[in-house]
Amino acid sequence: MKCCNQKKFVLLIENASYYYKIIEKLLHINLNEKTLLIITTSRNYNHIKKRYYLEGNPFEEYKIENKITLDYAKKIYDKLEEKGYLGDLSLSKEKGIPKIVKKNTLINLFTALTYGNGFKKRLSKTVKQILLSDEQIRKIYIELSIFDKVDLPYYPSELLTDKYTINFNIFLSNPKTLTDNQKIIVDFIRIDKEGIALKNTMLINSIWKELSKKEICQSILTILHDISPYVSEQDDNYWRIIFESLLKEDRLEKKFRIKVTDILELYYGVKEEYKTISYYWLQVGIAEQRKNDFTKAHNHLNMAKSIRPRSYQIQHAIARNYLRHACFENDITIAKALFDEGESHMKELINSKENYKNKARNFSIHCYVFEKLRFIRKKDFPITNDELIEIKYLIDRIINEKDINIDGLISNYIQLLKQKDKIGLLHMQPGDRYYQILNKKSDIVEDYDKLIESY
C-alpha cells in the first residue's frame, strides 16, 4: 500500500481478480475521514468471471485492447511518426497503416518494430532448443506455458524445489560462464520471491503450437498430482487457485480444446487426491452434464453438496442440471416434472434473502430465463401471457448488467414471442435494447453457459 497523503491511501494489486472477494470487504472498511483508492489489473477472462464481487460498489473498469483495429492503427502510426519510431514501416500513411493492421496484435507489432523479421527465426530456433533439451527444462517450460494459458501469474517456489533440481542461482552467474541449457533458463524465465514465470508471450505461443493434446493433458494431470498435498477444502489460497484454474471444465474445453471424454479421464485420474474436495465433484458433474449424462451429473453434484451444502455455486449447478435434463428428455411428462423441479430450485435461489446469495442472483436469473426459453421453444410447450411478462421482468432486472450475452437472451425472448404470436405483449421504447434487437436479424442462441465462479 502506498500512502499519497495523510487522508488518501492507494493500494496497487496485480492479478486482482483472484482477490475481488477480499477487495469487496476492503471497500466496506470505515476509515473515518481517510480515502482508500484501489488500483488493480487483471486478465480479461478472470475479470469478467469474478466482476460480480465489485458490482454495487464504486468501481470503474478500463479494458486495454490488444487487437489492432483500423482506427487504433491510425493513432499508433501518428504516435510512432511523432516519436520517430516508424522503423521499416512506410513513411506513407496509406501504406504504413495497413501494415500495422496486418500485425493484428500489439505484441506482434512491437516485436516487428524492435527485432525485425530475424527475430522470428531466432525464436523458432530457441523453441526447438527448449523442446529438445534436458528433460527437466522441457517439462518446466511446458508447465510454465500451461500456467500462462490459464492466467496463473507465477509457478510457486515450493513446487519448483519439490520437483526440479535446476539450480536457479545461475541467475546470479556471469552470463559468459553459462551453458546453453542454462542460457535458455536465464534468457526467458523471470524469477522473484514467489516463484517463476515466462517472460515472452510469443515464446509461449510458439511452444504451445508444438505440443500435442496428449502431452498437455499429461502435464496438467502431473501438476494436479503434484499440488494435491497443498490443496484442501478449507484453505482459500494460491494453491486452491491453481487447482481450480487447472480443473475447471470450461477452461479445459475452451482454452486447451480438450474433448469432454478426455477431461473426464483426467478427472478420474486424480480422484483419490481430490475426492474430499467439493469443487472436484462439481467439475466432474459439469463434465458428465456435457455428455448429456444428467443422472451421473446429478449424483456427482450432490456429492459436492454433501461436502459444502451452503455453496451457492453447487446449488445453482444442481438446479441447472434439472433444467437441462428436462430439455433433453423425450417423454414430455418426465420432462415437465424435471423442469418444474429445476424451476423451483432456481426460483428459490433468485428470491433468497440470504446475503451471501444476493451477489450471485444475476447468474441464476440469466440461467433460468435462458433454459426456460429453450425448454418452451424445443418442446413447443404452452406458456401463458403472465409467464411471458414475468420473463421480461426478470430480463429487465439484469438488462443494465455489463454483459454482452444479455442481447442473446433478449433475442431468444423476442424469437419466442414471434413463435407464439405474442409480440404484442412486448412494451418497449424506440431505441431501447428490445427495439434494437427486434429490428435486426438475430439467430437463436442455442447454447449458453453462465455458472457463478465462486462459493
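Structure report, in brief. (Residues numbered from 1 in each chain as written. Predicted model: local features only at pLDDT ≥ 70, side-chain atom pairs only at ≥ 80, totals over all residues. Heavy atoms only, no water.)

1. Some words on the pattern of salt bridges
Note on pairing: side chains with opposite charge can pair once their charged atoms come close.
Move 1: Following the criterion strictly, the structure yields 19 salt bridges and no others.
Move 2: Its salt-bridge partner being Asp340, residue Lys336 comes within 2.8 Å of it at the nearest N-O pair. Taken as a pair, Lys336 and Asp340 lie in helix α19 (residues 332–350) at a separation of four residues, close to a single helical turn.
Move 3: Using a relative accessible area of 32% as the deciding quantity, one classes Asp340 as partly exposed.
Move 4: A salt bridge links Glu343 to Lys372; its shortest N-O distance comes to 2.9 Å. With Glu343 in helix α19 and Lys372 in helix α21 (residues 361–379), this pair connects stretches of sequence that are 29 residues apart.
Move 5: According to the relative accessible area criterion, Glu343 is buried, its value standing at 13%.
Move 6: Here the salt bridges do not stand alone but share partners, grouping Glu143, Lys163 and Asp226 into one network. (Salt bridge = Lys/Arg side-chain N within 4 Å of Asp/Glu carboxyl O. Helix = DSSP H or I, 4+ residues; strand = E, 2+ residues; numbered from the N terminus. Buried < 20%, exposed > 50% of the residue type's maximum accessible area, 1.4 Å probe, protein only.)

2. Some thoughts on the packing of aromatic side chains
Move 1: Taken as a whole, this structure holds 11 aromatic pairs when the rule is applied.
Move 2: On the basis of an interplanar angle of 40 degrees and a centroid distance of 5.5 Å, the ring pair of Trp208 and Phe256 is categorised as tilted. A residue pair is termed long-range when its members are at least 10 positions apart, and Trp208 in helix α10 (residues 201–209) and Phe256 in the loop between α13 (249–254) and α14 (260–269) qualify at 48 residues.
Move 3: Note on Tyr230 and Trp239: the rings are 4.0 Å apart at their centroids and 10 degrees apart in plane angle, and the pair reads as stacked.
Move 4: In this structure an aromatic cluster arises from ring pairing among Phe243, Tyr274 and Tyr279.
Move 5: Seen from the ring of Tyr434, Lys392 lies directly overhead, with NZ or CZ sitting 4.4 Å from the centre. (Phe/Tyr/Trp six-rings, centres within 6.5 Å; stacked < 30°, edge-to-face > 60°. Lys NZ or Arg CZ within 6 Å of the ring centre and 35° of its normal.)

Shape descriptors only; they carry no functional weight alone.
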